[in-house]
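Below are the chains, spelled out letter by letter.
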Amino acid sequence: MENSDQEISSILTKIKRYLPNQAPLKDFVFLNTLACFQDRKFHQAMHEASSIFGVRTYYTIEDFRRLFKEGQIKSEILEKVLSNRNLNIEEWNKILFEHIFASDAPARIGRLRKNWKERYKIDIDSTVHPTLFRIIGSYLDQGISIWNFPGIQNGFLNSLREMERTSLSSFFNDERAKDLLLSGASLEDLLKIVVGTPEHYEQYLFDQQFAHPGWSGIVAIIEANPKTLLDTREITLEDLICLELLLEIDTLDQVYGSVWAPIGISYETKSKGVIEPIGDNTESITLSIFQEAYEWSYYEEVLNGILKREKFPEEHPSIPSFQGVFCIDDRECSIRRQLEKQDANCETYGTPGHFNVEFYFQPNNSKFYTKVCPAPITPKFIIQEKNDKKRERKDFHFSKFSLGLLSGFIMSFVYGFFSAFKMLFTIFRPMQSATFVTSMNHMDPSSTLTVLNENNAVTPEGLQIGFTVDEMATRLYDLLMSIGLNDHFASLVYFVGHGSSSSNNPYYTTMDCGACSCKPGSVNARVISWIANHPPVREKLRERGLHIPDSTQFIGALHDTGRDEIAYYIDVALTVENLEKHKEVTQTFNKALMLNAKERSRRFFSIDTSKSAEKIHKQVKFRTVSLFETRPELDHATATLCIVGRRDLTRGLFLDRRAFLNSYNYQLDSDGKFLQGILNAASPVCGGINLNYYFSKVDNQNFGAGTKLAHNVIGLYGVSNGIDGDLRFGLPKQMIELHDPLRLLMIVEHFPEVVLNTIKVNPCTYEWYENNWIHLVVFHPEEHRFYRFNEGQFSHLELTELEIPVIADLTAVIEKTDKNLPVYILK
């Protein structure tokens, strides 16, 4: 018996590893959808995942052939890929473009449970799933339902048992399933009834749980970390499986009585284990060749652009007009370029948007707190917002009186007509409503933050409230040194976080800052600015050789990437000179934001990009408050690059908002200490964003979330297609339509040997590059050549000579197309 329990426990552990690991909506963080395969080489993992789950992991061969005809896969690059693999070019060209491949082989998962249909002529999932999903959805509910699930404090199965004992009705149609629940039947007992033979338990459970991976995945996440829900629930994956088996037994009993036999008894195929190594075949090799050629056709264009741009160095003033430190987010790539166009004497920098301060944030009067730093980090600090004067405005739609019998009846008639009229009006004249979510409301600008730890204050949970002076100085020093801002400080330095705004969008957190666990970066920008303005911190920095002039003042800000608006958080009294300077900089930002909105608008089908920037900016803001707008902004669509180096590598290079830009000066980091911190953060954050989009694009039905139009918000923690559908754990169709499924290319400016030693320090970071989930290229700062990392070492990368256009103005180009643009060098 003990051995059986251990075997079943081992099966459950294996299933949890392969289930989606996407957290609830409030913490929707971009992750590698197939992280469970990340210990394998990328192409091997793609083949295995496709064979096991029956999903697409690349574009189809027909798609690749079309891309070749359109010129997006360059013939010379395809030939280079074949040569690098030592393959016969003539022979493989016939396979690539003429061979007809057989239809897809059946997936491993699902092969046992499909026998319910073949043997018993019953679609057991369509009968069981609606009841199963509604029970679990009600139990996990975070505030949509009026009444709590009965007996919720007793745990999931115990609450069901209590309901069965005390209710007149039952979840089950026959007595056997009810008796099994009340008697506390074990998982093994239920598997013996449904499956019969222990050697088929693993296959059956994989089949069963991956028929609804979204629900199974969310339960496994909550089991591992109950605090992922604000209103915690006690539930395990084993609980879910037990209930599902009970419902299956009940369904079969109702249809067949006691005549049916366990499904595994007559199953003749020998189970070797669902997850086992799978060898390559001609089709998988063909797909991997096309994918490599597709990726490097774009990568080489970018690398050629950097080399040619590098020949046009610019002279910079000794003291810039102002400096802006932005998140590395790809959407900030264009606003930085627009600022530099408006003011050639300004400097912009990029760094992960948590700005090297890791903490939880607790809003004013809230008993809950949220993480605002990269997801893998577990902070020891908390920043609390204090504001005794502010009172939150309440919308009458959310009044508690709407729940009463008489008051609810009256409110429905009185306010219902008004709400219908208001909604109709907003169709023609969009405006902010109760459904409008904006990052500007994440923190009140007039509040105070507990940045400084006083009297060793801690919370009951043991979190330190604020930072000590030494802790602040260390974080600011590491941040400034890592981005190369160690001297020539401007009189005004802006730390600019980012967030977004939208209406009627359950995926609103995906549009905020990935480095802040998909929360707005406003609090982080304000905290790091407060730290940089704090005199004792500056004194500590001077002791370490980093001198910030007394005339330099720091301002926190938030860029709303949906509306292209900016808010400033000024927690220090600006000098007269800096106050006047700030007014000038504000005008520069406003012009850049309007031009940025115009550049973005070319991808919005409802906007005429030829209009003036001012008119387009108004239309872009209207999009964020429109209830019917499924694409308020395109988020990280097309993000393909991460460039870690000095701004001179990319300043004046048009990358079409496809690049994460992390400032870094190799001259200040000979041993790669700061680079290690950058790559430890950028690899999972940027790589996770890129791969989440990649998989949601190549197979939106299985890895994505389908269209937003059919989505229902379930319990405030997930979305499903329809009321009885599985929870969707990927990205909706409207977010990925314009995305090109290319892996991330990481470009680092440093010496190859330093980068190699750096990435090897952290095994989790090294895995991204060793197994080619992220491509890594190093720009040698002295040789001015690129080196590619592959098979554990760097080798010189011979680029194909490509022409990179040099243009003076992008306006005409932007107004003529809504597609991805090539790399341009801007005069």
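Before reading further, recall that the structure is shown in the block above.
So, how was this worked out
Residues numbered from 1 in each chain as written. Predicted model: local features only at pLDDT ≥ 70, side-chain atom pairs only at ≥ 80, totals over all residues. Heavy atoms only, no water. Helix = DSSP H or I, 4+ residues; strand = E, 2+ residues; numbered from the N terminus. Rg over C-alpha atoms; globule rule 2.2 N^0.38 Å. Buried < 20%, exposed > 50% of the residue type's maximum accessible area, 1.4 Å probe, protein only. Contact = heavy atoms within 4.5 Å. Areas by Shrake-Rupley, 256 points an atom, 1.4 Å probe, with all protein chains shown as cover. Lys, Arg positive; Asp, Glu negative; His and termini not counted. Charge placed at Lys NZ, Arg CZ, Asp CG, Glu CD. Pairing = 2+ DSSP bridges. Axes fitted to C-alpha atoms, helices over the stretch in contact; angles between N-to-C directions. 1 Å grid on protein atoms, 1.4 Å probe; cavity = no way out; pocket = protein on both sides within 12 Å on 5 of 7 lines; lining within 4 Å. Points joined across faces, edges and corners; volume = space filled by probe spheres on them. Nonpolar A, V, L, I, M, F, W, Y, C, P; charged D, E, K, R; others polar. Salt bridge = Lys/Arg side-chain N within 4 Å of Asp/Glu carboxyl O. Core = buried A, V, L, I, M, F, W, Y, C linked by side-chain atoms within 4.5 Å. Phe/Tyr/Trp six-rings, centres within 6.5 Å; stacked < 30°, edge-to-face > 60°. Lys NZ or Arg CZ within 6 Å of the ring centre and 35° of its normal. Expected span 1.5 Å × (residues − 1). Parallel < 35°, antiparallel > 145°, perpendicular 65-115°, else oblique.

A separate point is the overall build of the chain. The helix and strand tally for the chain stands at 26 helices and 23 strands. Whereas a compact globule of 827 residues would reach a radius of gyration of roughly 28 Å, the chain reaches 28 Å, a difference of no more than 12%. Across the 827 residues in the chain, those meeting the buried criterion constitute 58%. The contacts of the chain with a sequence gap of at least 6 include a subset with a gap of at least 24, amounting to 73%. A total accessible area of about 35300 Å² is found for the chain, and carbon and sulfur atoms account for 52% of it. Side chains of the chain give 88 positive and 106 negative charges; the mean places of these two sets differ by 5 Å.

Bringing the sheet that holds strand β11 (residues 553-560) into the picture now. The mixed open sheet is built from 5 strands, whose spatial order is β2-β1-β9-β11-β12. Looking along the sheet, the strands with just one partner apiece sit at the ends: β2 (347-351) and β12 (565-569). For this sheet, the mean angle separating the axes of adjacent strands, direction not counted, is 25°. With 5 bridges joining them, strand β1 (residues 323-327) and β2 adopt parallel strand pairing. The residue of β2 that forms the bridge with Val325 is Tyr349. Those strands touched by helix α17 (residues 469-483) are β1, β2 and β9 (492-499), and its axis lies near 115° from that of β2.

Let's shift gears to empty space enclosed by the protein. Tallying each qualifying case throughout the model produces 6 cavities of 30 Å³ or more. Arg603, Leu634, Asp635, Ala637 and Arg657 are, among the 15 residues lining the largest cavity, the residues nearest its centre. Residue composition of the lining of the largest cavity, by class: 4 nonpolar, 1 polar and 10 charged. Roughly 120 Å³ of internal volume is contained in the second largest cavity. As for the second largest cavity, its lining consists of 17 residues, and the residues nearest its centre are Gln22, Ala23, Ile218, Arg728 and Phe729. Those elements giving two or more residues to the lining of the second largest cavity turn out to be α12 (213-224) and β17 (718-721).

The next thing to look at is the environment of Met46. As for its position among the elements, Met46 is in helix α2 (residues 42-53). Separated by 241 residues in the primary sequence, Met46 and Leu287 place their C-alpha atoms 9.8 Å from one another. Not counting residues up to four positions away in its chain, the partners in contact with Met46 are Leu34, Thr57, Tyr58, Phe695 and Trp773.

Tallied over the full model, the rule gives 46 salt bridges. Here Arg331 ties to Asp329 by a salt bridge, and the two come within 2.9 Å at their closest N and O atoms. The residues Arg331 and Asp329 share a single accessibility class, namely buried. Among the salt bridges present, the one from Glu599 reaches Arg337, with a minimum N-O distance of 2.9 Å. Note that Glu599 is positioned in helix α20 (residues 576-601) and Arg337 in helix α15 (residues 332-342), a separation of 262 residues in sequence.

Moving on to the nonpolar core. The nonpolar side chains of soluble globular proteins are, as a tendency, buried together. By size, the foremost hydrophobic cluster in this structure holds 219 residues, and its most contacted members are Phe37, Trp116, Leu140, Phe359, Met746 and Trp773. Looking at this core, the element that brings in the most residues is helix α22 (residues 673-698), giving 13 residues. Residues within four places of Leu140 in sequence aside, it is in contact with Trp215, Ile218, Ile222, Leu229, Arg233, Ile235 and Tyr717. Among the nonpolar cores identified, the runner-up in size contains 17 residues, and Cys346, Tyr494, Tyr568 and Leu574 belong to it.

Attention shifts here to the packing of aromatic side chains. By the definition in use, this model includes 41 aromatic pairs. One aromatic cluster in this structure is built from Tyr59, Phe64, Phe68, Phe97, Phe290 and Tyr294. Arg658 extends its terminal NZ or CZ atom over the ring of Tyr298, reaching a point 4.2 Å from the ring centre. The side chain of Arg743 reaches across the aromatic face of Phe42, ending 4.1 Å from its centre.

Judged from the 4 bridges that link them, strand β16 (residues 711-714) and β17 form a sheet pairing that is antiparallel. By the bridge assignment for β17, His711 is matched with Asn721.

Our focus in this paragraph is helix α13 (residues 237-256). Between its terminal C-alpha atoms α13 stretches 28 Å, which fits the 28 Å expected from 20 residues at 1.5 Å a residue. Burial runs high along α13: 16 of the 20 residues are buried. Backbone geometry just after α13 places Gly257 at a positive phi near 65°.

We now examine the environment of Ile275. Note that Ile275 resides in the loop between α13 and α14 (282-309). Sequence-wise, Ile275 and Ile52 are 223 residues apart; in three dimensions their C-alpha atoms are separated by 7.1 Å. Ignoring any residue separated from it by four or fewer positions in sequence, one finds Ile275 in contact with Lys14, Tyr18, Ile52, Arg108, Glu202 and Phe206.

For the pair helix α3 (residues 61-69) and helix α5 (residues 89-98), the least separation of the axes is 9 Å and the interaxial angle reads 110°. With respect to each other, α3 and α5 are oriented roughly perpendicular. Within the contact between the two elements, α3 uses Ile61, Arg65 and Phe68 and α5 uses Ile95, Leu96, Phe97 and Glu98. Across the contact of α3 with α5, the residue classes tally to 5 nonpolar, no polar and 2 charged.

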